[in-house]
Amino acid sequence: ISDLRNIVTNEEDGSRFLVNEIVVNFTSEATREGADAIVRLVDGRITGFVPFANIYQIEVQTSDIARLEQLINQIEALNNPKIEGVMKNYILHTL
């Protein structure tokens, strides 16, 4: 479960996301071992998983937007064919 105290707002576009979480969407061929390798790369931990879509929520140790973007770019730079997308954990709305 995400800690809502880590929600930040992008001042440019008003989007809201968790500053310490990354969402990685893997292809159906990807394995848990592959996800674990990505987690180790960013020194994170898996905090959520959507099995039918093979999406992992990864908590990382940062409270800085620039560092979060750096970690996302690091994953993207791998050009891993088993990764369909890497993004911030955007908040649609909070209760």
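Before reading further, recall that the structure is shown in the block above.
Quick caveat, the model's predicted, so the values are computed rather than measured.

Engineer: Any chance you could explain the environment of Asn-89 here in plain terms?
Structural biologist: You can see Asn-89 is positioned in strand β5 (residues 83-90). Overall, the relative accessible area of 16% leaves Asn-89 in the buried class. When the C-alpha positions of Asn-89 and Glu-11 are compared, they lie 16 Å apart, and in sequence the two are 78 residues distant. If we skip the residues at most four places from it in the chain, Asn-89 touches Ser-2, Phe-17, Leu-18, Glu-21, Val-23 and Gln-57. There is a polar contact of 2.5 Å between the side chain of Asn-89 and the side chain of Glu-21.

Engineer: For this particular structure, what's the right way to read the packing of aromatic side chains?
Structural biologist: When we look at a pair of aromatic rings, we describe it by the centre distance and by the angle of the planes. Tallied over the entire structure, the rule returns three aromatic pairs. Measuring from centroid to centroid gives 5.8 Å for Phe-17 and Tyr-90, while their planes differ by 70°, and the two rings are edge-to-face. One end of the pair, Phe-17, is in strand β2 (residues 16-26); the other, Tyr-90, is in strand β5, and 73 residues separate them in sequence. Looking at Tyr-90, the relative accessible area reads 40%, which means it is partly exposed. Look at Phe-26 and Tyr-56: their rings are 5.5 Å apart centre to centre, the planes differ by 90°, and that puts the pair in the edge-to-face class. Of this pair, Phe-26 sits in strand β2 while Tyr-56 sits in strand β4 (residues 55-59), placing them 30 residues apart in sequence. With relative accessibility at 3%, the residue Phe-26 sits in the buried group. By the ring-pair criterion, three or more aromatic residues cluster together here, those being Phe-26, Phe-49 and Tyr-56.

Thresholds applied
- Residues numbered from 1 in each chain as written.
- Predicted model: local features only at pLDDT ≥ 70, side-chain atom pairs only at ≥ 80, totals over all residues.
- Heavy atoms only, no water.
- Helix = DSSP H or I, 4+ residues; strand = E, 2+ residues; numbered from the N terminus.
- Buried < 20%, exposed > 50% of the residue type's maximum accessible area, 1.4 Å probe, protein only.
- Contact = heavy atoms within 4.5 Å.
- Polar contact = N/O pair within 3.5 Å; in protein donor to acceptor, adjacent residues only side chain to side chain.
- Phe/Tyr/Trp six-rings, centres within 6.5 Å; stacked < 30°, edge-to-face > 60°.

Geometric values such as these leave the question of function open.
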